[in-house]
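Examination of the molecular architecture
As a plain string of letters, each chain reads:
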Amino acid sequence: MRTVAQESLSSEAILALIEDEGARERAAEELERLELHPLDLNTATADELARVPLLDPFFIRNFLLFRSQSGRLGSVYDLKEVQGAELHLLSLLYPYLMVGAADDRPQRPRREHAVGSLYREGSASLLIRSVGDNGKQLDWALVGETDRGEPFRPAREGWMDHLSGTLRYRDRRRAILLGDFRLTTGRGLLMGQGRSFFSSSMYGTGIPDRVTSDLRPHRSAREYDYLRGLAVAQDLGPMQLVLLGGYEPIDARIDGQRLQTLYRTGLHRDATSLRHRHTARREMVGGYLSYESESAHIGATGLIYRHRSGSETLLLPPARYPASRVLREGSIDGYWMGERVIASGEVTLAPGERRAAEGSLSYMDEMLGALTLSGRYFGRERYSPYGMGDGHYSAGRDERGYRLQWSGEGARYVTGTVVVDRFRRTATGSPSGTMLMARVGKSDYHGSSLLTLRWLGVPDKPRRWTIRYSSDYRHGARWITRQEVRLLHTEGEGFGGGVMGRVRYDDGTSLLAEGEVRLFRLTAGQVMHSTLLWMPYLYGGTMLRGQGVQLTGRLRWRLGRHVALHSRIALTRSSDRPLATDLALALTYRL
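The following refers to the structure shown. This one's a predicted model, so the numbers in the text were calculated from it and none came from an experiment.

Bridge count between strand E26 (residues 479-490) and strand E27 (residues 494-506): twelve bridges; the pairing is antiparallel. Bridge pairing in E27 places Leu487 opposite Gly497. Counted between consecutive antiparallel strands, the loop separating E26 from E27 contains three residues, among which Gly492 sits at a positive phi close to 85°. Of the pairings in the sheet, the one linking E27 to strand E28 (residues 511-521) comprises ten bridges and is antiparallel in character.

In this fold, Thr166 is placed in strand E6 (residues 162-170). At 2.4 Å, the side chain of Thr166 forms a polar contact with the backbone oxygen of Asp180. Dropping the residues within four chain positions of it, Thr166 is found in contact with Asp139, Trp140, Ala141, Leu177, Leu178, Gly179, Asp180, Pro217 and His218.

Another aspect to go through is the pattern of salt bridges. Under the definition given, this model contains 29 salt bridges. The shortest N-O distance in the salt bridge between Glu30 and Arg51 comes to 3.2 Å. Of this pair, Glu30 sits in helix H2 (residues 21-36) while Arg51 is found in the loop between helix H3 (46-50) and helix H4 (57-70), placing the two residues 21 residues apart along the sequence. Under the relative-accessibility criterion, Glu30 is labelled buried at 7%.

Our focus in this paragraph is unusual backbone geometry. Most peptide bonds take the trans configuration, and most residues that are not glycine carry a negative phi. Backbone geometry at Leu54 places phi at a positive 75°, although glycine is not the residue there. Residue position: Leu54 is located in the loop between H3 and H4. With a relative accessible area of 27%, Leu54 lands in the partly exposed category. Positioned with a positive phi, Glu312 is a non-glycine residue whose angle comes to about 70°. Structurally, Glu312 is set in the loop between strand E15 (296-309) and strand E16 (314-315). On the basis of relative accessibility, which here comes to 43%, the residue Glu312 falls in the partly exposed class.

As a further point, take the nonpolar core. Core analysis: the biggest nonpolar cluster contains 31 residues, and Leu41, Leu49, Leu55, Phe59, Phe63, Leu79 and Leu90 have the highest contact counts within it. Listing elements by their share of this core, those giving two or more residues are helix H1 (11-16), H2, H3, H4 and helix H5 (87-93). Here Leu79 is in contact with Leu41, Phe59, Phe63, Ala85, Leu90, Tyr94 and Leu97, once residues within four sequence places are set aside. Core analysis: the second largest hydrophobic core is formed by 18 residues, Leu215, Leu244, Met284 and Tyr321 among them.

Cut-offs used in this document
- Residues numbered from 1 in each chain as written.
- Predicted model: local features only at pLDDT ≥ 70, side-chain atom pairs only at ≥ 80, totals over all residues.
- Heavy atoms only, no water.
- Pairing = 2+ DSSP bridges.
- Helix = DSSP H or I, 4+ residues; strand = E, 2+ residues; numbered from the N terminus.
- Polar contact = N/O pair within 3.5 Å; in protein donor to acceptor, adjacent residues only side chain to side chain.
- Contact = heavy atoms within 4.5 Å.
- Salt bridge = Lys/Arg side-chain N within 4 Å of Asp/Glu carboxyl O.
- Buried < 20%, exposed > 50% of the residue type's maximum accessible area, 1.4 Å probe, protein only.
- Core = buried A, V, L, I, M, F, W, Y, C linked by side-chain atoms within 4.5 Å.

Following this line, the structure appears as structure tokens:
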């Protein structure tokens, strides 16, 4: 039997399930490729399966065992027999998978253009995006946006707050990128630009996922975690070499000729962040050399960089760094996957208290599930705006911690996850804090339900716990409903929470419409994050405080074979502020 995917609209539902913005961008790029050439399940390797969104390492391992024992699959629907299969997730992936001979459809050019307008509390914004390829070796991307959350800038200062473009050439052995790009190495300790091995420990299995592309274009309107310059990736058989040179804008506080503070760039919403917007840049050259086999990976990253102000003056780094204008850093990362064990880690090559390290060890069993033990150490003198690695409770320094996690099937179609995280500050000697999270979910072809409990005790702060229950149900082929109840408790501040209901209509061809209502009541200090309904190239949410109501809606209407109109609106009224309106429009042309 040969099953071939047709052009699918399920990519929107897939991307809406991915919490991390960087992972969502990688998934969008991969879905574009799979839409043209679905993956053959009978010949797919572990690396090819690892690139498919929503497939975690535990499921991939079980699938490979299932295929080796059962022989060739007769249909993509045979995936439901694999241990740990979440049926509602697999149903979204079926259009991107196939069973049969290798896909031999000719490559065709792909182009997509969009213009969107965003209004946030009366402040106008414009977003443009164009991506495409020539059907062969060349592809490109151009993204621009004004007013990404910050006050509106006058036209004389430029029409775009952020403009990003990339031109890429690639064949079977080489890739050359000119423009804005990301280097994904290790677990993100050194570069922080999306991890090639990362733990989705709060929302996924906790087993480090594999992302097999070390170098990729920057296709986002966000102003951080990218380099601008030239990069070359060369395939040397089992070895891969990436060489790069470029710069990135950074937000910094400068005192004389020394950087005093580095800030994470982007979302300049207040006077302080606007004052330090792009005050300096980091100029960098370096490379990444890795060895890859079917079951193992080892890589080394080396960087040489310096800082320069907007007036072209060379700057000294922050005080925690050596007193040199030219700095050198490196890291070593590794990954190994056996029949039942996955191990991964990264350590930065820095002296003394500037070092950082992360590692994890996972054991997988068909009956018991997956058990993962991970640890982290961020030195007291570590100082980087690149992100926090696996630490959720500090600025990526001055912390030790470890995490124990179990994920598996409690019964057929019932999955569970339990996480215990312990941490402490290395310098202050404060008592260890604890995070506990437990989750149980049930999934079938009609829908899914999920119950999550989270408790957090941080030294010198009120203890907090959260209970969240959500349920999705499919009514026939076109209607889906979702209900959610969330209850929060903060020590000394009492209870808060909210309820939400959503209705979605999708005819599968031309029209998709969603409507949602959310009621919330929160005490002082409590915040609820409300992620707005997804639409192409525009992500965002609001932080709900006080008590009130939020109404949201989204419409996607295909006007023809190539053109689609997208719209999204959110109306929020709470005791903390008057009615706030968030409106987004996009018109996409796709060839």
